Amino acid sequence: MENPVEQINQITNLDDFLTFVVQLAMDAKEHPEEWENTTITDYLGQMASWIDDCCGIEDDIDWEKVDYKTFAKILYMGKIYE
């Protein structure tokens, strides 16, 4: 996976986001040794921890404007979608 921070900063639309998610999944499969959180439990738990820790620190994210309902639906659909 090329520089993920660079990729994130270049996301401007749905196609860019989907490309990033697919590349992230491929990276997990091809380079599991580079992943700190290799189980879904660890991944989701650490995602929540990062949000909690960075909520007041990450100045490039407007936490009041995040569409949490859509984000929650995306995460949930990953559980049940076939």
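What counts, and where the lines are drawn
Residues numbered from 1 in each chain as written. Predicted model: local features only at pLDDT ≥ 70, side-chain atom pairs only at ≥ 80, totals over all residues. Heavy atoms only, no water. Helix = DSSP H or I, 4+ residues; strand = E, 2+ residues; numbered from the N terminus. Buried < 20%, exposed > 50% of the residue type's maximum accessible area, 1.4 Å probe, protein only. Contact = heavy atoms within 4.5 Å. Areas by Shrake-Rupley, 256 points an atom, 1.4 Å probe, with all protein chains shown as cover. Lys, Arg positive; Asp, Glu negative; His and termini not counted. Charge placed at Lys NZ, Arg CZ, Asp CG, Glu CD. Patch = residues over 30% accessible without salt bridge, like charges linked within 9 Å, V, L, I, M, F, W, Y side chains within 5 Å. Salt bridge = Lys/Arg side-chain N within 4 Å of Asp/Glu carboxyl O.

1. With respect to the overall build of the protein chain
- Counting its secondary structure elements, the protein chain contains 4 helices and 0 strands.
- Counting from the amino terminus, the protein chain carries its helices and strands in the arrangement α-α-α-α.
- Structurally, the protein chain occupies a C-alpha span of about 35 × 25 × 25 Å along its principal axes.
- Among the 82 residues that make up the protein chain, the fraction classed as buried is 6%.
- Counted over contacts in the protein chain with a minimum sequence separation of 6, partners at least 24 positions apart contribute 13%.
- When the accessible surface of the protein chain is split by element, carbon and sulfur atoms take 57% of a total near 7,200 Å².
- Averaging the coordinates of the 5 positive side-chain charges in the protein chain and doing the same for the 19 negative ones gives two points 15 Å apart.

2. Concerning the environment of Asp27
- Tracing the backbone shows Asp27 in helix α2 (residues 14-30).
- With relative accessibility at 10%, the residue Asp27 sits in the buried group.
- Each C-alpha atom of the pair Asp27 and Glu64 lies 31 Å from the other, and the pair is 37 residues apart in sequence.
- Dropping the residues within four chain positions of it, Asp27 is found in contact with Met1, Pro32, Glu34 and Trp35.

3. Side note on a nonpolar patch on the surface
- Together, Leu14, Phe17, Leu18, Val21, Ile40, Tyr43, Leu44, Phe71, Ile74 and Leu75 line one region of the surface with nonpolar side chains, adding up to about 860 Å² of accessible area.
- Taken together, the elements giving at least two residues each to the nonpolar patch come down to α2, α3 (40-54) and α4 (68-80).
- Top element by residues in the nonpolar patch is α2. It accounts for 4 residues.
- Residue position: Leu14 is located in helix α2.
- Residue Leu14 is classed as exposed on the basis of its relative accessible area of 57%.

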